[in-house]
Amino acid sequence: MPKPVVAIVGRPNVGKSTLFNRIVGGRVAIVEDEPGVTRDRLYLEAEWAGRSFTLVDTGGLDFQENGEINRGVRRQIELAIQEANVVLFVVDARAGLNPDDEDAAAIIRRLNKPAVLAANKVENYGSQTQLYEFYRLGLGEPVPVSAAEGLNTGDLLDRLVELLPHEEEEKYPADTIKIAVIGRPNVGKSSLVNTILGEERVIVSKISGTTRDAIDTPFERDGRPYVIIDTAGMRRKSKVGGLTEKYSAIRALKAVDRSDVVLIVLDAVAGVTEQDKRIAGYAHEAGKATVIVVNKWDLINKDDRTMNRFTENIREELSFMQYAPVVYISALTGQRVPRVLELVDFVAGQHAIRLSTPNINNLIKEAVMHNPPPGDKSRRLKIMYATQGGVKPPKFILFVNEPELMHFSYRRYLENQFRNAYGFEGTPIWFGLRRRSKEEQ
C-alpha cells in the first residue's frame, strides 16, 4: 500500500525544513551508511506511534509571482495541498499572523483537507498568549513547538498520526504486477508506456511536464495482469518552477510506494544526472524491484563499445543499484521495448524469492568461513543464526552477538554472497540485525 503523504507547508523562513529534519530524526544529513545515495532530499519516510508516512518538505509557499498575485500560482498551491493526505501547516509564532498564512489556511479549509497547525519558534511555554491570534486561521488549536530545540514535537506527531488515513484495500487482483514508470521530465516515459500498451493511452508532448498526474492503466499480456503507472517527471528542487511540478513529484513517490516494479527511465543523450540518482535512490530505499531503461538509444552514435561504456557509467553513478538490469531502447521506434516487459516479469520473480532456513544458514556459514566478520579490539562479530523475514524485497534476519560490529562493507559482502548463490537480480536485499543474549550464544 502507498504510504500516506504529509506535506509541510507554510511561508518561507517559518522553520519547515528544521521541523522536517527533526521529525525524520536527522536522516537528511546522514541517510544510511551507503555510498552513492544522494543526501539532498525533498522527502523521507518517517514513523511515529507505529504509523509510517512519507514526509515532504515543500519549500516556501509563494502567493506572488513576479510580485503579482495571480490565479495560476493560487492553483499551484491548491494542487500542493490536494496531493497531501494531511497538511502540516507551519506558522512563525515569533513573527505573528501573516496575510499569507490566512490565504493558505483559506485554501486548506475550502478543500476540506485534514491539517495540523504547528506554531513554531515557541521557546517560552509559560506564556502562550502569542498563539491566540492563530485561532483566526480556522484550523483548530495551534500546537506550540520549537523545531530547533525539539520541544513538544511528540505532541505534534500524536495529533498528526490521528489524521492519517487507514490503509486502503488493494483494488487489483493479487497476482497483478504493478509497474511505476518514473524519471525526469521529457525522458520519454509516456512514449514508453504507449509503446508497451500498443496504443496512445497517454498524451505525449515534446514539452516537458505534460504528464501532471499518475495514471493507472490495467492491461494483460499472455494472460498475466499488469497495471502500468505513468507519472510526472521529477525535477531537481532548484529547477522546479512552481508547486505543480513539486507535487507531481509527490504523485510519482506514491506510484513507487504502491508498485512492485519500478522502471527508471534515463535519457541516453543526457546520461545519468544528479536528479536521476535521487529518483533511483527513492526506489532503492523503498525496496522495489527495478529495471533501468535507457531511452532514446537511436539518437546515439555508436561503436562496438558504446553500450558497455554507458553501462559502466551507470554502474559508477548508481553504485547503490548494481543489482538492476539495464536495457537500451527507443520508445519512438519500438527498439527493444518488448524486452522491457520480459525484464519486469524476471525482476518481479526475483523480488519474491524465498529461501529455506537451512540454505540460508549454510550460505552464511560458508561466507563466514571464507571471510570472517570484522572485530573491534577484543570483540568480534558472531553470526549465530539467520532466517528470512519476508519478500518484496527479500529480508533476512541475522541473529548476532554485537549488532554495532556489523560494518557496511561486511553487509555488502554478505549481500554479494546471496546474489552469487541465488541471483536476486533487479531487487535490493535487506538485512536486519538482532542481538542474541549471552545465554543464547
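Above: the structure in question.
Caption draft 1: Expanded view of the environment of V193. On the secondary structure map, V193 appears in helix α5 (residues 189-197). Relative accessible area serves as the criterion here: at 1%, V193 is assigned to the buried category. Through-space distance from the C-alpha of V193 to that of A331 is 8.4 Å; in sequence the pair is 138 residues apart.

Caption draft 2: Layout of the environment of Q275. Structurally, Q275 is set in helix α7 (residues 274-285). Judged by relative accessible area, Q275 falls into the buried class, the value being 7%. Residues Q275 and R184, spaced 91 residues apart in sequence, show a C-alpha to C-alpha distance of 7.2 Å.

Caption draft 3: Region of interest: the environment of L318. Relative to the helices and strands, L318 resides in the loop between α8 (306-317) and β12 (326-328). Remark: the alpha-carbon pair of L318 and G281, spanning 37 residues in sequence, is separated by 8.5 Å. Contact partners of L318, with chain neighbours within four places excluded, come to V272, D276, K277, A280 and I292.

Caption draft 4: Quick peek at the packing of aromatic side chains. Per the stated rule, a full pass over the model turns up ten aromatic pairs. With a centroid separation of 5.3 Å and 45 degrees between ring planes, the pair formed by Y410 and Y413 is classed as tilted. Highlighted residues: Y410 and Y413, both in helix α11 (residues 408-422), separated by three residues, approximately one helical turn. Overall, Y410 belongs to the buried group, its relative accessible area being 4%. For Y413, a relative accessible area of 16% translates into the label buried. Residues F418 and F431 carry aromatic rings whose centres are separated by 5.6 Å and whose planes lie at 70 degrees to one another, so their mutual orientation is edge-to-face. Linking F418 in helix α11 with F431 in strand β17 (residues 430-435), this pair joins segments that are 13 residues apart in sequence. Accessibility expressed as a relative area gives 0% for F418, which makes it buried. Within the aromatic cluster, the residues linked to one another by ring pairs are F396, F418, F424 and F431.

Caption draft 5: Looking closely at the side chain of S330. Mapped onto the secondary structure, S330 falls in the loop between β12 and α9 (337-351). Residue S330 is classed as buried on the basis of its relative accessible area, which comes to 1%. Not counting the four nearest positions on each side in its chain, S330 is found in contact with N295, K296, D298, Q335 and V337.

Caption draft 6: Local environment of α5. Along α5, seven of the nine residues are buried, which leaves the element largely enclosed by surrounding structure. On its buried face, α5 sits against β7 (177-183), β8 (215-221), β9 (224-230), β10 (261-267), β11 (289-295) and α9. Positioned one or two residues after α5, G198 has a phi angle of 80 degrees, which is positive.

Caption draft 7: Just the packing of helix α10 (residues 357-370) against α11, in detail. For the pair α10 and α11, interaxial distance at closest approach is 10 Å and the crossing angle is 125 degrees. By the angle between their directions, the pair α10 and α11 is classed as oblique. The crossing of α10 and α11 is right-handed. On α11, the residues touching N359, I360, L363, I364, A367, V368 and H370 of α10 are Y410, Y413, L414, Q417, F418, A421 and Y422.

Caption draft 8: Main features of the pattern of salt bridges. Tallied over the full model, the rule gives 19 salt bridges. Among the ionic pairs, D276 bridges to R184, the shortest N-O distance being 3.1 Å. With a gap of 92 residues between them, D276 in helix α7 and R184 in the loop between β7 and α5 connect regions that are remote in the sequence. The residues D276 and R184 share a single accessibility class, namely buried. Across the pair R435 and E402 runs a salt bridge whose closest N-O atoms are separated by 3.1 Å. Residue R435 is located in strand β17, and its partner E402 is located in the loop between β16 (395-400) and α11; the two are separated by 33 residues in the primary sequence. Three or more residues joined by partner-sharing salt bridges are found here, namely R379, E402, E404 and R435.

Conventions and cut-offs
- Residues numbered from 1 in each chain as written.
- Predicted model: local features only at pLDDT ≥ 70, side-chain atom pairs only at ≥ 80, totals over all residues.
- Heavy atoms only, no water.
- Helix = DSSP H or I, 4+ residues; strand = E, 2+ residues; numbered from the N terminus.
- Buried < 20%, exposed > 50% of the residue type's maximum accessible area, 1.4 Å probe, protein only.
- Contact = heavy atoms within 4.5 Å.
- Phe/Tyr/Trp six-rings, centres within 6.5 Å; stacked < 30°, edge-to-face > 60°.
- Axes fitted to C-alpha atoms, helices over the stretch in contact; angles between N-to-C directions.
- Parallel < 35°, antiparallel > 145°, perpendicular 65-115°, else oblique.
- Left-handed = near helix turned anticlockwise from the far one by under 90°.
- Salt bridge = Lys/Arg side-chain N within 4 Å of Asp/Glu carboxyl O.

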